[in-house]
Amino acid sequence: MRGDYLNSSSGASNWDAKIVNLTPGSDGDVSTYTKELSADDYGNTYMCDISTYDCTVKLPAVATAAGMNYKFVLSYASNNEGAKNLVVTANAAGEDIVGNVMVAGAVVEVTGNSSIEIDSSAGAATYGDWLSFFSDGSYWYIDGSVVTASALVQAAGLAMTS
């Protein structure tokens, strides 16, 4: 009832949003993404399994993404992973991701970079670590929570740190 009103009055809703398992069959990178998102995917929550392979995701072009949102959660299989990573990039190097993520109890400001990574080699990834992205048509905004200090990495351009 109230949710119906909020969705209809926000100008955008996706009644088909769902939880999607993202289990890469090989290491993704920023030239061969595990998943390139589109408008059809918005509103979905992705359960990402990085227990065996890097998972890389490319967001849609920010200029056409106003009102879209995506959430990425490390699955239980990813617990204490020390070598593989979750990488989320903007669609192009000039598109900025901005906002704040809680990392090991401290707020980390994300300041205009195009790649965000939960880098398990910098600090073990933990199941339940999550990142959420939403767009106003000019920027991708991020929020999230990562348990291990140093595990959140920002990079200029479309890059992976490891």
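No experiment lies behind these values; they were computed from the predicted model shown.

Cut-offs used in this document
Residues numbered from 1 in each chain as written. Predicted model: local features only at pLDDT ≥ 70, side-chain atom pairs only at ≥ 80, totals over all residues. Heavy atoms only, no water. Salt bridge = Lys/Arg side-chain N within 4 Å of Asp/Glu carboxyl O. Helix = DSSP H or I, 4+ residues; strand = E, 2+ residues; numbered from the N terminus. Buried < 20%, exposed > 50% of the residue type's maximum accessible area, 1.4 Å probe, protein only. Pairing = 2+ DSSP bridges. Axes fitted to C-alpha atoms, helices over the stretch in contact; angles between N-to-C directions.

Engineer: Let's hear about the pattern of salt bridges: which residues, and what values?
Structural biologist: Taken as a whole and assessed by the stated rule, the structure comprises two salt bridges. A salt bridge links Asp 27 to Lys 84, with the nearest nitrogen and oxygen atoms 3.1 Å apart. Taken as a pair, Asp 27 in the loop between β1 (19-22) and β2 (35-36) and Lys 84 in the loop between β5 (69-74) and β6 (85-89) lie far apart in primary sequence, 57 residues in all. When the shortest N-O distance is used, the salt bridge between Asp 41 and Lys 35 registers 3.8 Å.

Engineer: Go over unusual backbone geometry, please, and point to the residues and values.
Structural biologist: Despite not being glycine, Asn 80 shows a phi value in the positive range, around 60°. Here Asn 80 is to be found in the loop between β5 and β6. For Asn 80, a relative accessible area of 53% puts it in the exposed group. For Ala 104, which is not a glycine, the phi torsion comes out positive at approximately 50°. Residue class for Ala 104 comes out partly exposed when judged on its relative accessible area of 44%.

Engineer: Pulling in residues and values, what's your account of the sheet that holds strand β11 (residues 140-146)?
Structural biologist: Ordered by their spatial adjacency, seven strands build an open sheet running β1-β3-β5-β10-β11-β7-β8, and the pairing between neighbours is mixed. Each end of this open sheet is capped by a strand with a single partner; those strands are β1 and β8 (106-113). Ignoring strand direction, the axes of neighbouring strands in this sheet form an average angle of 15°.

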